Amino acid sequence: MKLNVYGFFFLLDLEWREMEGDDCEFRYGALMSSFLSTVERSRLQEMLSLLGLEMYQVQKLSLQDSLQISFDSMKNWAPQVPKDLPWNFLRKLQALNADARNTTMVLDVLPDARPVEKESQMEEEIIYWDPADDLAADIYSFSELPTPDTPVNPLDLLCALLISSDSFLQQEIVLKMALCQFALPLVLPDSENHYHTFLLWAMRGIVRTWWSQPPRGVGSFREDSVVLSRAPAFAFVRMDVSSNSKSQLLNAVLSPGHRQWDCFWHRDLNLGTNAREISDGLVEISWFFPSGREDLDIFPEPVTFLNLRGDIGSHWLQFKLLTEISSAVFILTDNISKKEYKLLYSMKESTTKYYFILSPYRGKRNTNLRFLNKLIPVLKIDHSHVLVKVSSTDSDSFVKRIRAIVGNVLRAPCRRVSVEDMAHAARKLGLKVDEDCEECQKAKDRMERITRKIKDSDAYRRDELRLQGDPWRKAAQVEKEFCQLQWAVDPPEKHRAELRRRLLELRMQQNSHDPSSGVQEFISGISSPSLSEKQYFLRWMEWGLARVAQPRLRQPPETLLTLRPKHGGATDLGELLWPEPLGVEHFLREMGQFYEAESCLVEAGRLPAGQRRFAHFPGLASELLLTGLPLELIDGSTLSMPIRWVTGLLKELHVRLERRSRLVVLSALGVPGTGKSTLLNTMFGLRFATGKSCSPRGAFMQLITVAEGFSQDLGCDHILVIDSGGLIGGALTSAGDRFELEASLATLLMGLSNVTVISLAETKDIPAAILHAFLRLEKTGHMPNYQFVYQNLHDVSVPGPRPRDKRQLLDPPGDLSRAAAQMEKQSDGFRALAGLAFCDPEKQHIWHIPGLWHGAPPMAAVSLAYSEAIFELKRCLLENIRNGLSNQNKNIQQLIELVRRL
């Protein structure tokens, strides 16, 4: 028997009247939950089915699934049916597209089709029924679920997608939303199981930089995780019905000047009035961060803002959480009835400040005043805590008043909480915290066993990562000399034997060591049979090492890349280029050196193959590459390639991929700070390190899978993307070792590639090392497909390629180009670079990418023009690969041979 809506609320009111004691609100919440459970269970399942996500409820959608290259990667398509919406959202979010939340569908409307009529539920309203008309109403009749031709509310899409995703895809979604300056999901409602989830793990990867100004002293920029940094929190909630939109008000408070950014989705946006079916009960979070500019800084310190979707009476648990973690709660309502009064009366022990925002002309004014007068002593408020906003109220003045209230709370002693503190409060209230699963906690414990021993990163590297440093640098130098000797016309055998002897001595010295306790713990972590635990461990290691091993200096790499000649005039290539932070790559580098030393001794007959201890290391590394971890291709400490380690890793990769081993290699080169890593991450959803002063120096590679249905058309099964990191300094030293090394590394990376993206900062010259590599590769006949990308690092938006950019690139080369040509002893080195890179310079080989940010960081969002330009570049690259313009594609075995030759 189905319960009548009016009858239910009649019974609920009788039950409420009989409730007594401090726990009455929990009994009320339980009654509401029992009523909504049947409706919500149906709604959630129907929504998942509508969006095509029901298949991901047991085996969750993974990050690797969402990053696959498919037919859709090459076209800017619009969703046509609801099942397209999750994939369209993920694709746009990966590209940091500010329109990602738009769920409009392009439908093929039949001539006789009639629009579906449905009641719309305003964001801050509920629907009223006349008891005389609705006594026989079915509980399912008052709000129909969306049909295939009805747009889906963006918040419903977000909740359905998060419920269907694994922890690592959830984390990626939240991280990309943060870069787009969207409000983030903090508490994910799941009315199906009454098990709401606090998304602590999903927030872990978000790091922000802001201006910190102490009361006394000099201000400076501070960088920290949003999960760990503490700030005052302000919650905005709705009680019963409100004519005013919380989300619009929050956006206005957070937006400096007259430029409003729609951080929180609201009713006046496209599809903002569509009924929310499963997202009521969602708690969203956003922050304000100061920039150090008086004209932009609304508040002098970071401030957290929280937004509860839906009525507090129906989502009492979430409201209870907000009252425990917030410094102040703003309650928007038109009416205060006896039921709402009792709910608020139960908060009498709370120390939180409460403010009411009323629209009395829409409600019962006298009733509101009567209950407000009763609440004044209970909630410890006065008349300044009651604000009135009607249609005639000046919006700017009202926003200033809200900011003034927030500012007054900040100046007084107030509660400051981190997201971790919020999660602790959520646990006490019985909410599920995503980070509390057994695999995540086991991985965290293992990380802490490693990082608690790190007091000083330099000392740790010296004592625990013993195979790196001098032994590896000396071995790399000997191997380089030995390699150069191979190309000599008549190399002296005595010198060759001496080099071989020195190398074996160094490798025997390395092989005499055992892995330290920290390295052994790391190896155990990546050897876990559980893929999830392994991935959790790697993420925990990244964050844990970032916390304990901050770099000593924070200067732009350009000021640190130039090496000073020693007294004898030679350059020490092992000298620190810039402070390299301790990272996961150092532990993998140590594993690589154990494998290198052992392999060298086996090749020389100094160690029986049956006594090998580290032969399984490349297999462990190849599994990490398949899960999406960037691996080091060129060692950042010695600026050389550990050839045995790299080829061993690729062999293991070939075994694991079996028949799907056709590769296209795409590399990105350029001076550090030109945005190449950000470009690759935005284009393909990759995880290369970004930032000038704290990024690893080596070149890294990451593997992207091509969907099986598209691999035949594209001509490859995977794309191997190589980021050159900080290898190219952009400064020409007078025929010194540094320049020669840069040129050799650029030649290696470009020689391995089918496609090379050259990232240039505005109108600066092409780095001499890269031009040097062009001249070398021209001799071999191997000329990859090149794309020159001018990154606009300063201007907010530039509509398209500027003629002077193309003219400069195509003009005869300047001093650097002449010097590089002379070093290669080419008499025709004064030709235009365009003649080397491609035959038809009028084709789209030169790109101008607009500025990354729209506005001033840290409150800036990613520019829509930047996102669209990156997508167009990606489409062009894939089209070139598809049309065979990217040189001959390789399989992994051919790539191994090419690595050896180069």
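All figures in this text were calculated on a predicted structure; none of them were measured in a lab. (Residues numbered from 1 in each chain as written. Predicted model: local features only at pLDDT ≥ 70, side-chain atom pairs only at ≥ 80, totals over all residues. Heavy atoms only, no water.)

J.: Any chance you could break down the overall build of the chain for me, citing the residues and the numbers?
T.: From N to C terminus, the chain includes 31 helices and 21 strands. By the burial criterion, 57% of the 902 residues in the chain qualify as buried. Put simply, the chain shows about 38,700 Å² of open surface, and 51% of that area lies on carbon and sulfur atoms. (Helix = DSSP H or I, 4+ residues; strand = E, 2+ residues; numbered from the N terminus. Buried < 20%, exposed > 50% of the residue type's maximum accessible area, 1.4 Å probe, protein only. Areas by Shrake-Rupley, 256 points an atom, 1.4 Å probe, with all protein chains shown as cover.)

J.: Before we move on, could you go through the sheet that holds strand β2 (residues 197-198) and cite the residues and values that matter?
T.: Spatially, 9 strands are ordered β10-β9-β8-β5-β7-β6-β1-β2-β11 in an open sheet, and the strand pairing comes out mixed. The open sheet has two free edges, formed respectively by β10 (386-388) and β11 (432-433), since each of these has just one partner strand. Bridge analysis of strand β8 (residues 328-333) against strand β9 (residues 353-358) gives 6 bridges, and the strand direction is parallel. Each residue of the ladder has a partner; that of Val 329, found in β9, is Tyr 354. Of the strands in this sheet, β1 (184-188), β6 (283-288) and β7 (303-311) touch helix α6 (residues 154-163), which is tilted by about 65° from β1. Contacting β1, β2, β5 (233-238), β6, β7, β8 and β9, helix α9 (residues 316-325) runs over the sheet at an angle of about 160° to β7. (Pairing = 2+ DSSP bridges. Contact = heavy atoms within 4.5 Å. Axes fitted to C-alpha atoms, helices over the stretch in contact; angles between N-to-C directions.)

J.: Outline the side chain of Ser 516, listing residues and values.
T.: Relative to the assigned elements, Ser 516 resides in the loop between α17 (493-511) and α18 (517-526). Exposure remark for Ser 516: the relative accessible area of 6% places this residue in the buried category. Residues in contact with Ser 516, not counting those within four places in the same chain, are Glu 464 and Arg 466.

J.: Got a sec to walk through the nonpolar core? Specific residues and values, please.
T.: By size, the foremost hydrophobic cluster in this structure holds 151 residues, and its most contacted members are Phe 198 and Phe 356. Ignoring sequence-local partners within four residues, the contact set of Phe 356 consists of Met 239, Ile 331, Ile 336, Leu 344, Leu 372, Leu 375, Leu 379, Ile 381, His 385, Val 386 and Leu 387. Counting 83 residues, the second largest nonpolar core, distinct from the first, contains Leu 465, Val 519, Ile 634 and Ala 773. (Core = buried A, V, L, I, M, F, W, Y, C linked by side-chain atoms within 4.5 Å.)

J.: Before we move on, could you go through α6 and cite the residues and values that matter?
T.: When you tally the buried positions in α6, you get 10 out of 10 residues, the bulk of the element. Looking at α6, one finds that the buried residues are Pro 154, Leu 155, Asp 156, Leu 157, Leu 158, Cys 159, Ala 160, Leu 161, Leu 162 and Ile 163. Two to three positions downstream of the cap, the backbone nitrogen of Leu 155 sits 2.9 Å from a side-chain oxygen, assigning the N-cap of α6 to Asn 153. (Polar contact = N/O pair within 3.5 Å; in protein donor to acceptor, adjacent residues only side chain to side chain.)

J.: So, the pattern of salt bridges: which residues are in play, and what are the values?
T.: Tallied over the full model, the rule gives 40 salt bridges. Between Lys 75 and Asp 72 there is a salt bridge; the shortest N-O distance is 3.8 Å. Residue Asp 72 is classed as partly exposed on the basis of its relative accessible area of 32%. A salt bridge links Arg 507 to Glu 596; the nearest nitrogen and oxygen atoms lie 3.2 Å apart. With Arg 507 in helix α17 and Glu 596 in helix α20 (residues 584-603), this pair connects stretches of sequence that are 89 residues apart. On the accessibility criterion, Glu 596 (0% relative accessible area) is buried. Within the structure, one salt-bridge network assembled from shared partners comprises Glu 479, Arg 507, Glu 596, Glu 603 and Arg 644. (Salt bridge = Lys/Arg side-chain N within 4 Å of Asp/Glu carboxyl O.)

J.: How would you summarise the packing of α18 against α20 if you had to cite specific residues and measurements?
T.: Contact geometry for α18 and α20: axes closest at 10 Å, N-to-C directions at 95°. Taken together, the axes of α18 and α20 lie roughly perpendicular to each other. Of α20, the residues touching α18 (which contributes Gly 518, Val 519, Phe 522, Ile 523 and Ile 526) are Val 584, Phe 587, Leu 588, Glu 590 and Met 591. Taken together, the residues of the contact of α18 with α20 break down into 8 nonpolar, 1 polar and 1 charged. (Parallel < 35°, antiparallel > 145°, perpendicular 65-115°, else oblique. Nonpolar A, V, L, I, M, F, W, Y, C, P; charged D, E, K, R; others polar.)

J.: Describe the environment of Phe 774, with residues and values.
T.: Relative to the elements of secondary structure, Phe 774 occurs in helix α26 (residues 768-780). Along the backbone, Phe 774 and Met 750 are 24 residues apart, and their C-alpha atoms lie at a distance of 8.5 Å.

J.: Break down the environment of Thr 647 for me, with residues and values.
T.: Mapped onto the elements of the fold, Thr 647 is located in helix α22 (residues 643-657). The exposure class assigned to Thr 647 is buried, which follows from its relative accessible area of 5%. Between the C-alpha atoms of Thr 647 and Leu 895, which are 248 residues apart in sequence, the distance is 9.0 Å. Once residues lying within four places of it in the same chain are set aside, the contact partners of Thr 647 are Ile 896, Val 899 and Arg 900.

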